[in-house]
Amino acid sequence: MNEKATYIVMLGPPGAGKGTQAKIIAEELGLVHVSTGDLFRENLSNETELGKLAASFMTKGELVPDDVTIAMVEERLGREDCQKGAVLDGFPRTPAQAEALAALLERFGGQVDLVPFIKVPNETLIERLSGRWMSKSGRVYHALYNPPKVRWIDDVDGTELYQREDDKPETVAHRIDVYYEQTSPLIEYYLSDGILVEIDGTQEIDKVTEDILKVAKA
Ligand code: AP5
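Residues numbered from 1 in each chain as written. Predicted model: local features only at pLDDT ≥ 70, side-chain atom pairs only at ≥ 80, totals over all residues. Heavy atoms only, no water.

Once that is clear, we can look at the packing of helix α1 (residues 18–29) against helix α9 (residues 205–216). Geometry of a packed helix pair, given as the angle between the helix axes and the separation of the axes. For the pair α1 and α9, the least separation of the axes is 10 Å and the interaxial angle reads 50 degrees. Relative to α9, α1 is oriented oblique. Relative to α9, α1 is oriented so that their crossing is right-handed. In this structure, α1 uses Thr20, Gln21, Ile24, Ile25, Glu28 and Leu29 to contact α9, whose residues at the interface are Ile205, Val208, Thr209, Ile212, Leu213 and Ala216. For the contact of α1 with α9, the per-class residue count stands at eight nonpolar, three polar and one charged. (Axes fitted to C-alpha atoms, helices over the stretch in contact; angles between N-to-C directions. Helix = DSSP H or I, 4+ residues; strand = E, 2+ residues; numbered from the N terminus. Parallel < 35°, antiparallel > 145°, perpendicular 65-115°, else oblique. Left-handed = near helix turned anticlockwise from the far one by under 90°. Contact = heavy atoms within 4.5 Å. Nonpolar A, V, L, I, M, F, W, Y, C, P; charged D, E, K, R; others polar.)

Once that is clear, we can look at the site of the ligand. Near the ligand, the surroundings consist of 36 residues, among which Thr20, Glu62, Arg93, Arg132 and Arg175 are the closest. Thr36 places a polar side-chain atom, nitrogen or oxygen, 2.7 Å from a nitrogen atom of the ligand. The backbone of Gln203 places a nitrogen or oxygen atom 2.8 Å from a nitrogen atom of the ligand. Here the ligand has 1,000 Å² of accessible area as a free molecule, and 97% of this is covered by the chains. Taken together, the elements giving at least two residues each to the shell around the ligand come down to α1, α2 (36–45), α6 (122–130) and β6 (140–142). Split into classes, the residues belonging to the shell around the ligand amount to 13 nonpolar, 13 polar and 10 charged. (Near = heavy atom within 4 Å. Polar contact = N/O pair within 3.5 Å; in protein donor to acceptor, adjacent residues only side chain to side chain. Areas by Shrake-Rupley, 256 points an atom, 1.4 Å probe, with all protein chains shown as cover.)

No statement about biological role is implied by the geometric values presented.
Here it is as structure tokens:
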């Protein structure tokens, strides 16, 4: 008999550390890290129609329409490597996406098992996003809090790091507003399911990981 798959949803505002933690947690638990932001950016660098469409929303700090995003996640979670489950980062982001995810996982015989909600105040989010450096393969650094060994160079493959287009101060402010308007209702949604756990995201990266793993392994 197949072991039941595990699905973890990382929830929190832009810059809370969802991507940073999702990568570590997925590796630690033998799950796949599925980031909708990374999937859109991958499509953009491959110049697909989906990438072009997504970019028209992402550069403004707006959400990509639900139907497009849901279809992309459905395809990704249906792949072979997700059989044991996934750590979802950046999805769901609206109540409609949360409903679609629940229906999809039910079809797979699973459910959302845990929602670590990484809580960080707005001033810290802005500081984190303005100092974030990314590698083309999606590794995340911070100029001060998580610097690479050599400035602007990826530790793993030696390629040059870059700053995300949507990390400009005016876009960041709008992304935070969009989060409060469209995504924060999911806190109540998952709280009422009894699967949301609040995590203090202002701590050092290792400590945040420790707190998430404690609840994930409980
Ligand atoms: P996405 O890529 O998902 O961006 P986001 O949710 O805005 O989140 P971020 O990636 O900005 O932050 P994060 O929480 O992952 O923080 P990180 O770990 O990098 O989405 C981008 C866009 O795509 C959206 O705006 C939208 O247009 C579109 N999109 C994506 N999903 C969608 C969906 N479901 N529906 C519709 N549209 C969608 O950390 C940030 C920085 O802080 C890093 O530099 C890191 O090193 C540092 N850091 C992390 N943790 C700590 C710590 N504990 N202490 C100090 N520094 C830390």
